[in-house]
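# Residue-level structure breakdown
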Amino acid sequence: MSSPASPPAAPAPADLPPLDALIACPACDLLLLRAPLEEGIRQSCPRCHHLLYAPRARTVVQVIALSLTVAILMIGAVFFPFLEISAGGISHESSVFDAAMAFSDGILLPLSFAVMALIVVLPLLRVALLVYTLWPLAQGRPAWPLARRAFRLAEAVQPWSMAEIFVVGAVVALVKIAGLATVTLGPAFWAFALLVAVVTLQNNLLNDWTIWTVLDTQKKR
Ligand SMILES: [Zn+2]
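This write-up is about the structure you can find in this document. Predicted model only: the values in this text are computed from it and were never measured. (Residues numbered from 1 in each chain as written. Predicted model: local features only at pLDDT ≥ 70, side-chain atom pairs only at ≥ 80, totals over all residues. Heavy atoms only, no water.)

### Quick look at the overall build of the protein chain
Cut-off, in case you're wondering: Secondary structure is summarised from DSSP: a helix means a run of H or I of at least four residues, a strand means a run of E of at least two, and numbering begins at the N terminus for each. Accessibility here uses a 1.4 Å probe with only protein chains present; expressed as a share of the type maximum, an area under 20% marks a residue as buried, one over 50% as exposed, and anything in between as partly exposed. We call two residues contacting when some pair of their heavy atoms lies within 4.5 Å. Areas reported as accessible are Shrake-Rupley estimates using a 1.4 Å probe. Residue values count occlusion only from the protein chains shown.
Along its length, the protein chain carries seven helices and seven strands. Mapped in sequence order, the helices and strands of the protein chain form the string β-β-β-β-α-β-β-α-α-α-α-β-α-α. A burial count over the protein chain gives 34% of its 221 residues as buried. Here the analysis covers contacts within the protein chain between residues at least 6 apart in sequence; of these, 60% occur between residues at least 24 apart. For the protein chain, the exposed area adds up to about 12,700 Å²; of that, 69% sits on carbon and sulfur atoms.

### Description of the coordination of the zinc ion
Just so we agree on the cut-off: The donor set covers N, O and S atoms within 2.8 Å of the metal, switching to 3.2 Å for Na, K and Ca, and it leaves out water, so a site may look short of donors. Angular criteria define each label, namely tetrahedral for four donors with all angles between 85 and 135 degrees, square planar for four and octahedral for six donors with opposite donors over 155 degrees apart and remaining angles between 65 and 115, and irregular for whatever fails these tests.
For the zinc ion, the full set of protein donor atoms is C25 (SG), C28 (SG), C45 (SG) and C48 (SG), and the range of their distances to it is 2.3 Å. Note that the zinc ion binds four donor atoms; their angles at the metal cover 105 to 114 degrees, and the shape is tetrahedral. Between the donor residues of the zinc ion, the gaps in sequence give the motif C-x2-C-x16-C-x2-C. Here the residue C25 occupies a position in the loop between β1 (22-24) and β2 (31-33), and C45 occupies one in the loop between β3 (43-44) and β4 (51-53), the gap between them amounting to 20 residues.

### Points about the environment of R56
Note that R56 resides in helix α1 (residues 56-79). Residue classification places R56 among the partly exposed residues on the basis of a relative accessible area of 31%. Taking the C-alpha atoms as reference, R56 lies 9.9 Å from T213; in sequence the two are 157 residues apart.

### So, the packing of aromatic side chains
Geometrically, a pair of aromatic rings is defined through the distance of the ring centres and the angle of the planes. Let me state the cut-off plainly: Each Phe, Tyr or Trp ring (for Trp, its six-membered ring) is paired with any other whose centre lies within 6.5 Å, and the angle between the two planes then decides the class: stacked below 30 degrees, edge-to-face above 60, tilted in between.
Tallied over the entire structure, the rule returns eight aromatic pairs. A centroid spacing of 5.2 Å and a plane angle of 70 degrees characterise the contact between F151 and W212, whose relative ring orientation is edge-to-face. Here F151, found in helix α4 (residues 147-157), pairs with W212, found in helix α7 (residues 208-220); they are 61 residues apart in sequence, far enough to count as distant. Pairing F166 with F192 gives two aromatic rings, centres 5.1 Å apart and planes at 50 degrees, and the pair type is tilted. Placement of the pair is F166 in helix α5 (residues 163-178) and F192 in helix α6 (residues 187-205), with a sequence separation of 26 residues. The buried category is assigned to F192, whose relative accessible area is 1%. Counting every residue linked through ring pairs, the aromatic cluster contains F82, F166, F189, W190 and F192.

Scope: geometric values only; no functional claims are made or implied.
Listed below in structure tokens is the structure:
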């Protein structure tokens, strides 16, 4: 069924193959022939070494595992104490949920919604969509009916999930507050810090081409 793997090289304009046989490297725009999608195949851009295809089964299982990790860490990160501030004998402990809800009455209500949506809801939505897309693929079964739509939405949501940016913001704020009061970091801070690492790893492993090709191949059958 498969043709022999062609060496990745830009074809001459005279015999340009059909468009869906080509991919452009997302990092450097080099035009390449698609390698046939077979298990275990791995293709990198010869010019900039950007990973184009990752071995499929492993990628899918790893991304699902990391998605579940993100979901569990997120619950801890939101509801456990984020930090405790003490000054002059008075101390106050607060979770991210408390902090977001602090704006929940009055004119700042939209801010509460925005904080919870960008830090919690969208990252959780993204991992739920990824698990929906990839779960059947991990078991070697056909994708669920809305998988293509779910994966497209997961891609669209990615720039808006800002849990990592929140941690950077929190660290900057802590440096300022540390001069005025004693700040003790709670378990949620470390959960968020771990979350940043896990989300970064997940984004690196998640190879759009690989997933889209699997979904496209199934659609054509
Ligand atoms: Zn490249």
